[in-house]
Amino acid sequence: MKRLGYIGLGKMGKNMVLRLLEHGWDVTAYDPVAENVAEVERRGAEAAASLQELVEKTETPRLLWLMVPHQGVDDVLRTLTPLLDAGDTVIDGGNSNYKESMRRAGELREIGVGFLDAGVSGGPGGAREGACVMIGGERGLFEKHEALFRDIAAPDAYGYMGRSGAGHFVKMVHNGIEYGMMQAIAEGFTVIRESGFDIDLREVCRVYNHRSVIESRLTQWLQKAFEEYGTDLDEISGSVSHSGEGLWTVETAKELGVSVPVIEESLKFRENSWKNPSYTGRILSALRNQFGGHEVKRKQG
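Read on for a plain summary of the structure. The shown structure was predicted, so the numbers you read here are calculated from the model rather than taken from an experiment. For every chain, the first residue of the written sequence is number 1, and numbering continues from 1 onward in sequence order. Local features in a predicted model are, by the rule used here, given only for residues with pLDDT of at least 70; side-chain atom pairs are given and counted only at 80 or more, and totals for whole chains, interfaces and linings are based on all residues. Computation of side-chain values: all heavy atoms of the structure, hydrogens and water removed.

1. What to know about the environment of arginine 206
Thought 1: Strands are runs of DSSP state E lasting at least two residues, helices are runs of H or I lasting at least four, and both sets are numbered from the N terminus onward. By the element assignment, arginine 206 lies in helix H10 (residues 201-208).
Thought 2: For arginine 206 and glycine 162, which are 44 residues apart along the polypeptide, the C-alpha to C-alpha distance reads 39 Å.

Structural data, given as structure tokens:
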């Protein structure tokens with residue numbers, strides 16, 4: 001049965017629920033913001049006014065997807081866990097630390113509840129059109145619910161990564177790599193801008209995005225940002241936020257004795273950008289806006 005309880009209807013969660021509805025899933029949805037619930041209810045989801053109501057409306061054995069900020073996962077589970085039955089399954093699709101996912105899997109296992117950690121890449125657009133999903137947990141549990149991951153993901157864009165924590169671990173490293181790739185693109189385009197050749201950066205993006213070695217979704221998103229905001233990116237902040245997974249990647253690499261200078265320096269750049277905003281920072285902020293929908297407008301005054 002395609003039956004799912006869904007918790008968390010932010011930019012990612014709302015879009016993923018809409019995609020699942022189109023793929024024939026019966027979704028009961030909960031979010032603390034009532035309007036978010038009403039929005040997906042209008043599109044065919046069943047509304048729940050509380051976690052308890054969501055559990056009551058989801059048939060056993062329950063399949064529940066959490067899409068909440070990593071800081072809030074334990075709070076949700078403290079309320080949710082006493083309501084669950086043995087045989088239910090919880091999937092954490094947010095950007096949780098892999099060590100926390102390992103702990104949560106063990107705690108839920110003790111009461112007979114399954115747990116899968118699913119790293120999801122692609123931003124709100126990917127959640128709507130098909131994401132890239134990296135799954136950790138018991139292989140049998142993954143195989144049991146593989147149809148869900150198939151429907152959430154773009155074609156051939158999901159996979160089983162290993163035991164509990166592996167999905168979020170691989171997603172963490174993905175984000176660390178992303179930091180380095182974004183930094184290189186931003187630095188390179190800053191060099192071109194300062195070269196004195198008066199080169200149209202939009203044209204550079206267009207050419208790079210046709211069969212070059214660095215053709216990528218990131219350069220495509222940069223082209224869109226230039227088209228939307230102009231190549232000077234005057235409306236965009238030169239101070240760059242970070243989600244925390246770049247930091248986790250650097251810390252984990254140190255624990256493993258692995259050198260990651262590119263990722264580490266890209267993280268330091270973001271941290272230092274709050275005191276030293278720059279054009280390179282504007283490019284990074286613009287990219288975060290394009291793929292993640294992050295608010296990056298420069299504050300006035």
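2. Topic: the nonpolar core
Thought 1: Here, nonpolar core means buried Ala, Val, Leu, Ile, Met, Phe, Trp, Tyr and Cys residues that are tied together by side-chain atoms lying within 4.5 Å of each other. A 1.4 Å probe rolled over the protein chains alone gives each residue an accessible area, and that area as a share of the maximum for its type sets the label: buried under 20%, exposed over 50%, partly exposed in between. Counting 34 residues, the largest nonpolar core has Tyr6, Met16, Trp65, Val133, Leu148 and Phe149 as its most contacted members.
Thought 2: Broken down by element, the residue count for this core peaks at 6 residues, all from helix H1 (residues 11-22).
Thought 3: In this view, valine 133 contacts Ala118, Gly119, Val120, Phe149, Ile152, Ala153, Ala157, Tyr158 and Gly159; residues no more than four positions away in its chain are not counted.
Thought 4: With 24 residues, the next largest nonpolar core counts Cys205, Tyr229, Leu287 and Val296 among its residues. Here, two residues are considered to be in contact whenever any of their heavy atoms come within 4.5 Å of each other.

3. Focus: the sheet that holds strand S4 (residues 63-66)
Thought 1: The rule for pairing is simple: two strands pair if DSSP sees at least two bridges between them. Sheet architecture is open: 8 strands sit in the order S3-S2-S1-S4-S5-S6-S7-S8, paired in mixed fashion. Among the strands making up the open sheet, the edge pair consists of strand S3 (46-47) and strand S8 (153-162).
Thought 2: Pairing of strand S6 (residues 114-121) with strand S7 (residues 131-136), which is carried by 5 bridges, proceeds in the antiparallel orientation. When the bridges of S7 are listed, serine 121 appears paired with cysteine 132.
Thought 3: The strands touched by helix H5 (residues 98-109) within the sheet are strand S5 (89-92) and S6, with S6 carrying the most contacts at an inclination of about 155°. Axes, fitted as lines to C-alpha atoms, cover a helix only where it is in contact. Angles between the N-to-C directions of the axes lie from 0 to 180 degrees.

4. Some thoughts on the packing of helix H9 (residues 166-193) against helix H11 (residues 217-229)
Thought 1: Two elements in contact, H9 and H11, have axes separated by 11 Å at closest approach and are oriented at 50°. Accordingly, the angle class assigned to the pair H9 and H11 is oblique. Considering only the axes of H9 and H11, their crossing is right-handed. Every residue of H11 that contacts H9 at Met181, Met182, Ile185 and Phe189 is listed here: Leu218, Thr219, Leu222 and Phe226. Angle categories are assigned with fixed cut-offs, so that under 35 degrees is roughly parallel, over 145 is roughly antiparallel, 65 to 115 is roughly perpendicular, and the rest are oblique. Whether a crossing is left-handed or right-handed is set by the direction in which the near helix is turned from the far one by less than a right angle, anticlockwise for left-handed and clockwise for right-handed.

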